[in-house]
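Summary of the model geometry
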2 protein chains.
Amino acid sequence: MVTMRDVAKRAGVSIATVSFVLNDTKPVTPATRERIELAMTELGFRRNMVARALASRRTRIIAMAYPALDHRFGFSAAEFFTSAAEAARQQDYHLVLWPVGNDGGELTELVGQSLVDGVVLMEVQLDDPRIAVLQRTRTPFALIGRTTALEGLTHVDIDFDTTVEDAVGYLHGLGHRRLVLVSGDLADPRFHTYGPYVRSEAAYRRVAAGYGIETIVLECSDSTRAGREAATRLLRDHPETTAVLVLNEYSALGVMSGLNRLGRRIPDEISVLSLMAPDTAALSNPELTIMRTPGPELGRLGTEALIRQLEGATPLPPPHLIPAKLHLGESTAPPP
Amino acid sequence: MVTMRDVAKRAGVSIATVSFVLNDTKPVTPATRERIELAMTELGFRRNMVARALASRRTRIIAMAYPALDHRFGFSAAEFFTSAAEAARQQDYHLVLWPVGNDGGELTELVGQSLVDGVVLMEVQLDDPRIAVLQRTRTPFALIGRTTALEGLTHVDIDFDTTVEDAVGYLHGLGHRRLVLVSGDLADPRFHTYGPYVRSEAAYRRVAAGYGIETIVLECSDSTRAGREAATRLLRDHPETTAVLVLNEYSALGVMSGLNRLGRRIPDEISVLSLMAPDTAALSNPELTIMRTPGPELGRLGTEALIRQLEGATPLPPPHLIPAKLHLGESTAPPP
């Protein structure tokens, strides 16, 4: 049986220092920590580490649960993930990504193993079965997103109301009165209770009605191909449209490319605005005008909210809802 | 102390069935497994699960190590990751993503905790410090990528030689003789021993020399902005160029958009081909001609190679190197 004494000897430090590292009771320089951890792994001190994790029930690992096999793990998701990982690292935690399904089954298996201190949930459904799993297993968690019933749940999210108000307000201010929203495909079982789609579309209907604008919503799946097809439907059924708002980041690139191919000049003849986009504007030509998703902020805040919970600190102060901000590209202009 | 009997009673199954699930000794229907796992979590059987993991040293979890905070986790990475997760799931493993740095420090901390059965390494450097960490800790691993010294290492990778031969052969066949390679930025410390860049550039120099084509290589960072700047340099310094090959997926979109903005018609005046691209072709207008990165295949093969190792099965049969395949878009044509 390898002891702390063996580790201390091999690492050339005192037993007390090994203990500080093992129990996180006192800060140790990164170099010393690394030397000790190396000695532990070289000597096969692994079982003791697991025993410690078992005893203290603390691994300093947190998991981000993202249904990567059901929801496309694209630019936007990568932004949330990398900023969350960065935030965790700054507080000396490891963040790992669990690509578990949204139904709670796989999550049950993983949390059952007590491998992590807590979980950040992404791609939250309005009534999300994963929450019951986490509550039953008493796993601390934070949501990036919102269920319908939120009481007692730690969460951060996009402020969809403000985002849509700002976007429509901007286009209305340019003079646009004939708008179309290219929404998500709520008939798709993956998305029919997906918060961002449901809330954005509801906000759009409310805001458009407020301006007295006719509310036209086209459903569209989450791909550039679907976006191109939506552009065809748009010009066929609503040729008088002067501005299009698009929910999904890939659909937005597709709508623009589709309109282009159909000979519409953007933004001279028709404006395109992407409603929830990461920094993909630079990918398109002309550059898309976007409402910039606060992915970096929310990834950080969600992780921080969870870590505060784990450490018994005061809860994250508001605001917990962050709007997407208008980022002017070249795809919007006054109507012709 | 919660016993297997308690779990069996709660789940309404025999103790033997609980044991099958706990020890993986006999297949059990997914529904039964879920009922048992639910009962275990509800009764707080967690410590026993960890104890089991400790005893058998098997968690049925494998980690993909990807330096997501150093290397952009983009489309291409997401393809490798999701196909690897899918392959793991099909064999009843969980794959999780560890965004640990390339230097081996964080990896040491994570593998030291014995939380996973093995590791799939991505973004492999020619001399990768993570390999020593995994070997010291006797952690089974497989590489998606290649170090310079490969002996005894389980790996799968892109066949860069064939990929570049096919790409240059295609352009040469169209009549192009004035080519430029927009390569990665090998001066960037993140990439100076990054296999895909080093191997692709070397292959290009060899193949171009073979055709008697003047070898022109422009360095370019991994972003659309950098790609646009490269387009400016290209037209200024090498205005006679009729075809451009671009290594990085984001740079490729940038080069095309940059050439567009500078008034060059693609493909009439200049052809653009993306050398290692996931399915991003549809994002650009015109659609990029790409060498399609075999991300889905390699994610699956890398995971399978690791699982075979974990289970003492025969090693993955060759081929271990898969070329990217030409996928014709609209950005290439004979020279003017």
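Residues numbered from 1 in each chain as written. Chains lettered and ligands numbered in written order. Predicted model: local features only at pLDDT ≥ 70, side-chain atom pairs only at ≥ 80, totals over all residues. Heavy atoms only, no water.

Labelled according to an unreviewed UniProt entry, chain A appears under the name LacI family DNA-binding transcriptional regulator, originating from Kribbella koreensis.

**Some details on the environment of A:S284**
With respect to the helices and strands, A:S284 occurs in the loop between β9 (271-277) and β10 (289-292). For the pair A:S284 and A:G329, spaced 45 residues apart in the sequence, the C-alpha separation amounts to 9.9 Å. (Helix = DSSP H or I, 4+ residues; strand = E, 2+ residues; numbered from the N terminus.)

**Overview of a negative patch on the surface**
Judged by side-chain charge, A:D70, A:D103, B:E34 and B:E86 come together as a negatively charged surface patch. For B:E34, the position within the fold is in helix α3 (residues 30-43). A residue is classified by how much of its surface remains accessible, and B:E34, at 48% relative accessible area, is partly exposed. (Patch = residues over 30% accessible without salt bridge, like charges linked within 9 Å, V, L, I, M, F, W, Y side chains within 5 Å. Areas by Shrake-Rupley, 256 points an atom, 1.4 Å probe, with all protein chains shown as cover. Salt bridge = Lys/Arg side-chain N within 4 Å of Asp/Glu carboxyl O. Lys, Arg positive; Asp, Glu negative; His and termini not counted. Charge placed at Lys NZ, Arg CZ, Asp CG, Glu CD. Buried < 20%, exposed > 50% of the residue type's maximum accessible area, 1.4 Å probe, protein only.)

**Regarding the domain arrangement of chain A**
Domains assigned within chain A are domain 1 (4-56), domain 2 (61-158 + 295-322) and domain 3 (160-293). Centre-to-centre separation of domain 1 of chain A and domain 3 of chain A, based on C-alpha positions: 54 Å. (Domains from an automatic or database assignment.)

**A short note on the nonpolar core**
Ranked by size, the top nonpolar core spans 107 residues in total, and within it A:F73, A:L245, B:F73 and B:L245 carry the most contacts. In this structure, A:F73 is in contact with A:Y66, A:A68, A:A78, A:F81, A:L97, B:F73 and B:A78, ignoring residues within four places of it in sequence. (Core = buried A, V, L, I, M, F, W, Y, C linked by side-chain atoms within 4.5 Å. Contact = heavy atoms within 4.5 Å.)

**Thoughts on the interface of chain A and chain B**
Each side of the interface is counted separately: chain A has 61 residues, and chain B has 62 residues. Across the chain A to chain B interface the summed buried area is about 6,000 Å²; carbon plus sulfur atoms make up 57%. Across the chain A-chain B interface, the total number found is 8 salt bridges. Run the count over chain A and chain B and you get 9 residue pairs in polar contact (both at pLDDT 80 or more). Every element with two or more residues in the side of chain A that touches chain B is listed here: α3 (30-43), α4 (46-56), α5 (75-90), β2 (94-98), α6 (105-111), α10 (224-237) and α11 (249-261) of chain A. A per-class count over the side of chain A that touches chain B returns 27 nonpolar, 17 polar and 17 charged. (Buried area = accessible area lost by both parts, 1.4 Å probe. Polar contact = N/O pair within 3.5 Å; in protein donor to acceptor, adjacent residues only side chain to side chain. Nonpolar A, V, L, I, M, F, W, Y, C, P; charged D, E, K, R; others polar.)

**Observations regarding the packing of aromatic side chains**
One pass over the structure, following the stated rule, counts 16 aromatic pairs over all chains. Between A:Y66 and A:F73, the ring centres sit 5.0 Å apart and the planes meet at 80°, which makes this aromatic pair edge-to-face. A relative accessible area of 2% means that A:Y66 is categorised as buried. When the centroid spacing of 5.7 Å and the interplanar angle of 55° are considered together, the rings of A:Y250 and B:F75 count as tilted. On the criterion of chain membership, the pair formed by A:Y250 in helix α11 and B:F75 in helix α5 (residues 75-90) is interchain, its members lying in two chains. Each of the two residues, A:Y250 as well as B:F75, counts as buried. Put simply, the rings of A:Y66, A:F73, A:F81, B:Y66, B:F73 and B:F81 touch in pairs and so form one group of aromatic residues. Above the face of the B:Y93 ring, B:R60 is positioned so that its terminal group lies 4.3 Å from the ring centre. The aromatic ring of B:Y250 is capped on one face by B:R72, whose charged end is 3.8 Å from the ring centroid. (Phe/Tyr/Trp six-rings, centres within 6.5 Å; stacked < 30°, edge-to-face > 60°. Lys NZ or Arg CZ within 6 Å of the ring centre and 35° of its normal.)

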